[in-house]
Amino acid sequence: MIWRFNFGILTDMKKTILSGSTVTGDLTLGNYIGAINNWAKLQDEYECFYFLADLHALTVYQDPAILRERTYSFFAQYLALGLDPKKNVIFVQSHVPEHTQLMWILTCLTPMGYLNRMTQFKEKSEKHVKNINAGLFTYPVLMAADILLYQADMVPVGEDQRQHLELCRDIVGFFDNKYSEGILKMPDAYIGKMGARIMSLQDPTKKMSKSDENDKNFVSIIDDAKKIEKKIKSAATDSGTEIKFDAENKAGLSNLMTIYSVLSGKSIQQIEQDFVGKMYGHLKVDLAELTVQTLSPVKAKYDDLMKNKDYLDQLMKSGADRAQVRAAVTLDKVYKAVGLHR
Ligand code: TYM
């Protein structure tokens, strides 16, 4: 918390947090553990902006009707996971046009070579060989605009977004050098110590992803109890027996232990002690139960929220209105700084 002297009055200024998730698939345990669980913890202490990145989703073709419905679904998933719309500004990216407006200015400052280095661009263009569009390439610039519009101090994300955050910081440097300093705030990434990279259940060498075609690879936060149990019990593990954390040689087991640790609040050492002399199967049974216990109230709340789209519409509208107030101030300053008539 920072104290600042403002017009002669001592005011309590909260730092700003911003983060979001792309509207594809359904949120997974990876998104929950790596990001949203941390978002929910920050909501009391900081001024938080959490958004649904629907424009980012368009870099891969989306069926329009499904995208429209999924936007409701994601909004409801955010709320069900404990994000309080009174404490946080929760909104949909495309409802605040300043995101794409700022993006254009930043695109004109970002060297192609920097974008060429982005590993996510390389991975996605390998996966979508028939649709390597310019949006996929400039995706990280839109991300930078998302962050910089709100003057975010901290951006809580999983490990896979670290490179994009670094690029965002580079872009602030480009802007400062070419125009003026102090208009865009330099953000810091906030990456949790545990669970910043939850791995796929069937192939623990790759990250758990909500857009994975094989749904056995992830637990969705709105999966029912039966599905969760089945997916966790059939997770790939090595042929050993001892329950010992070893990310290199026992990647599958270690991934399950990480999930267990975050959901239970127990340390890895404590888990190793609890399971001395027990088999992998015991850990899977306990983890399945713990995951069901964590996610069943989320699913119940989600089902309820999805029955009331008018309520979701209202919240989306008020979230966007609140977000736009902050976004418009930054965009105005940026437009003036680069010489556009206002
Ligand atoms: P997305 O939708 O892929 O993921 C949302 C958040 O979840 C984290 N995450 C994970 N953490 C741990 N283990 C995993 N397996 C895992 N999978 C995903 C991500 O790191 C992320 O924090 N480009 C972003 C969305 C975005 C954004 C932004 C984020 C758009 N603009 C501005 C922050 C700030 C994305 O696609 O996240």
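Residues numbered from 1 in each chain as written. Predicted model: local features only at pLDDT ≥ 70, side-chain atom pairs only at ≥ 80, totals over all residues. Heavy atoms only, no water.

## Observations concerning the site of the ligand
Thr22, Asp146, Asp160, Ile198 and Lys210 are the nearest of the 27 residues found near the ligand. Gly30 is positioned with one of its backbone polar atoms (N or O) 3.3 Å from a nitrogen atom of the ligand. Residue Gly158 places a main-chain N or O atom 2.8 Å away from an oxygen atom belonging to the ligand. The fraction of the free accessible surface of the ligand (710 Å²) that becomes covered by protein chains is 97%. (Near = heavy atom within 4 Å. Polar contact = N/O pair within 3.5 Å; in protein donor to acceptor, adjacent residues only side chain to side chain. Areas by Shrake-Rupley, 256 points an atom, 1.4 Å probe, with all protein chains shown as cover.)

## Overview of the domain arrangement of the protein
Partitioning the protein into structural domains gives domain 1 (5-195 + 309-338) and domain 2 (215-303). Its C-alpha centre places domain 1 at a distance of 30 Å from the equivalent point of domain 2. Across the contact, 15 residues belong to domain 1 and 17 residues belong to domain 2. Summed over both sides, the interface between domain 1 and domain 2 buries roughly 1,400 Å², with carbon and sulfur atoms accounting for 80% of that surface. Ranking the residues of domain 1 by area buried against domain 2 places Leu29, Ala80 and Met194 at the top, with a combined share of 40%. Where domain 1 packs against domain 2, one counts zero salt bridges. Scanning the region where domain 1 abuts domain 2 turns up four residue pairs in polar contact (both at pLDDT 80 or more). Of all the secondary-structure elements, those providing two or more residues to the side of domain 1 that touches domain 2 are helix H1 (29-42) and helix H3 (64-80). Among the elements that take part in the side of domain 1 that touches domain 2, H3 stands out by supplying five residues, more than any other. Per-class residue counts for the side of domain 1 that touches domain 2 are nine nonpolar, five polar and one charged. (Domains from an automatic or database assignment. Contact = heavy atoms within 4.5 Å. Buried area = accessible area lost by both parts, 1.4 Å probe. Salt bridge = Lys/Arg side-chain N within 4 Å of Asp/Glu carboxyl O. Helix = DSSP H or I, 4+ residues; strand = E, 2+ residues; numbered from the N terminus. Nonpolar A, V, L, I, M, F, W, Y, C, P; charged D, E, K, R; others polar.)

## Here we look at the side chain of Gln151
Tracing the backbone shows Gln151 in the loop between helix H7 (134-149) and strand S6 (154-156). Of the polar contacts made by the side chain of Gln151, one reaches the side chain of Thr330; its length is 3.2 Å. The residues touching Gln151, leaving out its near neighbours within four places in the chain, are Thr16, Ile183, Leu184, Lys185, Arg326 and Thr330.

## Let's talk about the confidence of the model for the protein
Segments scoring low in pLDDT should not have their predicted coordinates read at a detailed level. Averaged over all residues, the pLDDT of the protein is 94; the fraction at 70 or higher stands at 96%. Segment residues 1-11: pLDDT under 50, and 17 contacts once partners within four positions in sequence are set aside and those in other chains are kept. (pLDDT = per-residue confidence, 0-100.)

## Points about the nonpolar core
If you look at the biggest cluster of nonpolar residues, it comprises 63 residues, and the most contacted ones within it are Leu29, Tyr50, Phe75, Tyr78, Ile221, Leu283 and Leu312. Broken down by element, this core gets its largest block of residues, 11 residues, from helix H12 (residues 280-306). When residues of this core are sorted by domain, at least three fall in each of domain 1 (5-195 + 309-338) and domain 2 (215-303). Beyond its immediate stretch of four places on either side in the chain, Tyr78 contacts Gly20, Ser21, Leu27, Ile36, Trp39, Tyr50, Phe51, Leu52, Leu83 and Ile90. Counting 46 residues, the second-largest nonpolar core is a separate cluster that includes Val96, Met118, Leu142 and Ala327. (Core = buried A, V, L, I, M, F, W, Y, C linked by side-chain atoms within 4.5 Å. Buried < 20%, exposed > 50% of the residue type's maximum accessible area, 1.4 Å probe, protein only.)

## Section: the packing of aromatic side chains
As enumerated under the stated definition, the model contains nine aromatic pairs in all. Measuring from centroid to centroid gives 4.9 Å for Phe49 and Tyr150, while their planes differ by 35 degrees, and the two rings are tilted. With Phe49 in strand S4 (residues 47-53) and Tyr150 in the loop between H7 and S6, this pair connects stretches of sequence that are 101 residues apart. Judged by its relative accessible area of 2%, Phe49 falls in the buried class. Grouped by ring-pair contacts, the aromatic residues Phe49, Phe51, Phe91 and Tyr150 constitute a single cluster. Cation over ring: Lys278 sits above Phe275, and NZ or CZ is 5.6 Å from the ring centre. (Phe/Tyr/Trp six-rings, centres within 6.5 Å; stacked < 30°, edge-to-face > 60°. Lys NZ or Arg CZ within 6 Å of the ring centre and 35° of its normal.)

## Things to note about the pairing of strand S3 (residues 16-22)
Side-chain direction in a regular strand flips from residue to residue, so the side chains alternate between the two faces of the sheet. Buried residues dominate S3, accounting for six of its seven residues. Summarising the sheet, S3 and S4 pair through seven bridges and their orientation is parallel. By the bridge assignment for S4, Thr16 is matched with Glu47. At this point the chain moves from S3, through H1, to the parallel S4, and the crossover so formed is right-handed. (Pairing = 2+ DSSP bridges. Right-handed = clockwise from strand over helix to strand, strands pointing away.)

## Quick look at helix H6 (residues 119-127)
Considered for burial, the residues of H6 that qualify are Gln120, Phe121 and Ser125. All buried residues of H6 fall inside an arc of 125 degrees around its axis, so they share one side. Along H6, exposed side chains directed more than 90 degrees from the buried face belong to Glu123 and Glu126. Buried positions along H6 lie against helix H5 (112-116), H7 and helix H8 (162-178). (Arc of directions from axis to C-beta.)

## A word on the pattern of salt bridges
Summed over the entire model, instances satisfying the criterion amount to 18 salt bridges. With a shortest N-O distance of 3.5 Å, Asp212 and Lys206 are connected by a salt bridge. Overall, the relative accessible area of 15% leaves Asp212 in the buried class. Lys206 gets classed as partly exposed once you look at its relative accessible area, which sits at 34%. As a salt-bridge pair, Lys317 and Asp321 come within 2.9 Å of each other at their nearest N and O atoms. Highlighted residues: Lys317 and Asp321, both in helix H13 (residues 309-338), separated by four residues, approximately one helical turn. Assessed through its relative accessible area of 39%, Asp321 is described here as partly exposed.

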